[in-house]
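# Breakdown of the fold
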Amino acid sequence: MQIMTEGIIIRDKTLSNDNHMLSILTKDFGVITAFERQSRQMKNRINSALELFSYSTFVLFYNKERYTVDKADSNKIFFGIREDIEKLSLASYFSELLLELAAEGEEASSYLKLFLNCLAMLESGKRSISFIKALFELRLVSMAGYMPDLLGCQVCGQSEGRDLFFLPNTGVIVCQNCLSTYEQEVKIQISPGELAAMRHIIYSDINLLFRFTMPEPALVRLSQITENYILCQLGKTFTSLTFFHSVQLPQ
């Protein structure tokens, strides 16, 4: 059976000179594994459409629960990301998160739109690394079923103020007066600005997602909070994240 879908290459594993195993985040089928087995002559015709972080229209042959690439036409190639080690490592971390959280066989247009928008912002430099990282992490895990409850203190309902704490293990906020209820929990005090940004990221329409501003030092801290939340909720570390931190430029 032949099918057509849009998608972006998020992992490319070389099996042999003319044999690649691709992980593709697709609009219609989530993350799929597809094999590319073209002759060298045919491969040269579609090579750019099959490179890492190439957003393409794919014609796939599906047989016995296995996808093979028949044709691919590139729509957008993020050259600016591939030429910058810090941006490339962050995009690779995003890809690893998508491999973890985007289900195979399910429609994934919202995941694809989020990833493409973040890559476009990353390539253009219109938003900082910390901004994009925090936004992608928190929005993605929220879409995947790990949305934190940031409406108010879990005990008394207090929703504003400087004495609120975020609990990354349970994904809730608690005020100073109610902290004793969560005595054994890890607690991160958050400012009103950080809380407002987190609420915007998880609750806003995707078309308005990038429309907030914070000073860079606050964005750096926000990125640390969202990363902490990711690691606590998923219960694992990511090699791509470790590498990103090793090449990350001073903030």
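Overview of the structure. Bear in mind the structure is a predicted one, so any value in this text is a computation, not a measurement.

One open sheet holds the 4 strands; their spatial order is β6-β8-β7-β9, and the pairing between them is mixed. Sheet topology places β6 (149–153) and β9 (188–190) at the edges, where each strand pairs with a single neighbour. Direction aside, neighbouring strands of the sheet carry axes that sit 30° apart on average. In the sheet, β6 pairs with strand β8 (residues 172–175) via 2 bridges, with the strands oriented parallel. In the sheet register, C153 faces β8, and the bridge partner there is I173. Across the sheet, helix α6 (residues 192–203) lies against β6, β7 (164–167), β8 and β9, angled at about 135° from β6, the strand it touches most. Sheet contacts for helix α7 (residues 216–234): β7 and β9; angle to β9, the most-contacted strand, approximately 135°.

Turning to the pattern of salt bridges, a few remarks are in order. With the rule as written, the count across this model stands at 8 salt bridges. When the shortest N-O distance is used, the salt bridge between K71 and D73 registers 3.9 Å. The class for D73 is partly exposed, based on a relative accessible area of 40%. Ionic pairing is found between E194 and R221, a salt bridge with its closest N-O pair at 2.6 Å. Taken together, the positions of E194 in helix α6 and R221 in helix α7 put the pair 27 residues apart, joining distant regions of the chain. Each member of the salt-bridge network shares a partner with another, and the members are K133, E137 and E227.

Before going further, it helps to examine the side chain of K87. Tracing the sequence through the fold places K87 in helix α3 (residues 85–101). Of the buried charged residues, K87 lacks a salt bridge, with D84 as the closest side chain of opposite charge at 4.7 Å. For K87, the side chain forms a polar contact with the main-chain oxygen of L122, separated by 2.9 Å. What K87 contacts, discounting residues up to four positions off in sequence, is G80, I81, L122, E123, G125 and I129.

This paragraph deals with a nonpolar patch on the surface. Nonpolar side chains collect at one region of the surface, where M147, L151 and Y203 lie side by side and expose about 310 Å² of accessible area between them. Mapped onto the fold, Y203 is located in helix α6. The exposure class of Y203 is partly exposed, given its relative accessible area of 38%.

Here α3 contains 17 residues, and its C-alpha end-to-end distance of 24 Å stays within 8% of the 24 Å for a straight helix at 1.5 Å per residue. The buried fraction of α3 amounts to 12 of the 17 residues, a majority that puts the element mostly inside the structure. Buried within α3 are the following residues: E86, K87, S89, L90, A91, Y93, F94, S95, E96, L97, L98 and L101. Two to three positions downstream of the cap, the backbone nitrogen of E86 sits 3.0 Å from a side-chain oxygen, assigning the N-cap of α3 to D84.

A word on the packing of aromatic side chains. Throughout the structure, instances matching the rule amount to 10 aromatic pairs. Ring pairing ties together the aromatic residues F53, Y93, F94, F115, F136 and F238, which thus form one cluster. One residue, R127, lies across the ring of F131, its end atom 5.3 Å from the ring centre.

I8, L25, F115, L135 and F136 are the most contacted members of the largest nonpolar core, which has 69 residues in total. Formed by 13 residues, the second largest nonpolar core is a distinct cluster that contains I9, I32, A49 and F58.

Among the secondary structure elements, T5 is positioned in strand β1 (residues 2–16). A residue is classified by how much of its surface remains accessible, and T5, at 2% relative accessible area, is buried. Looking at T5, its side chain comes within polar contact range of the side chain of D28, at 2.7 Å. For T5, the residues in contact, after removing those within four places along its chain, are T26, K27, D28, F29, S56, T57, F58 and L60.

With respect to the helices, strands and loops of the structure, C153 is situated in strand β6. Judged by its relative accessible area of 4%, C153 is buried. Apart from the residues within four sequence positions on either side, C153 is in contact with Q158, I173, V174, C175 and C178.

Rules of the game
Residues numbered from 1 in each chain as written. Predicted model: local features only at pLDDT ≥ 70, side-chain atom pairs only at ≥ 80, totals over all residues. Heavy atoms only, no water. Pairing = 2+ DSSP bridges. Helix = DSSP H or I, 4+ residues; strand = E, 2+ residues; numbered from the N terminus. Axes fitted to C-alpha atoms, helices over the stretch in contact; angles between N-to-C directions. Contact = heavy atoms within 4.5 Å. Salt bridge = Lys/Arg side-chain N within 4 Å of Asp/Glu carboxyl O. Buried < 20%, exposed > 50% of the residue type's maximum accessible area, 1.4 Å probe, protein only. Lys, Arg positive; Asp, Glu negative; His and termini not counted. Polar contact = N/O pair within 3.5 Å; in protein donor to acceptor, adjacent residues only side chain to side chain. Patch = residues over 30% accessible without salt bridge, like charges linked within 9 Å, V, L, I, M, F, W, Y side chains within 5 Å. Areas by Shrake-Rupley, 256 points an atom, 1.4 Å probe, with all protein chains shown as cover. Expected span 1.5 Å × (residues − 1). Phe/Tyr/Trp six-rings, centres within 6.5 Å; stacked < 30°, edge-to-face > 60°. Lys NZ or Arg CZ within 6 Å of the ring centre and 35° of its normal. Core = buried A, V, L, I, M, F, W, Y, C linked by side-chain atoms within 4.5 Å.

Shape is all these values report; function is a separate question.
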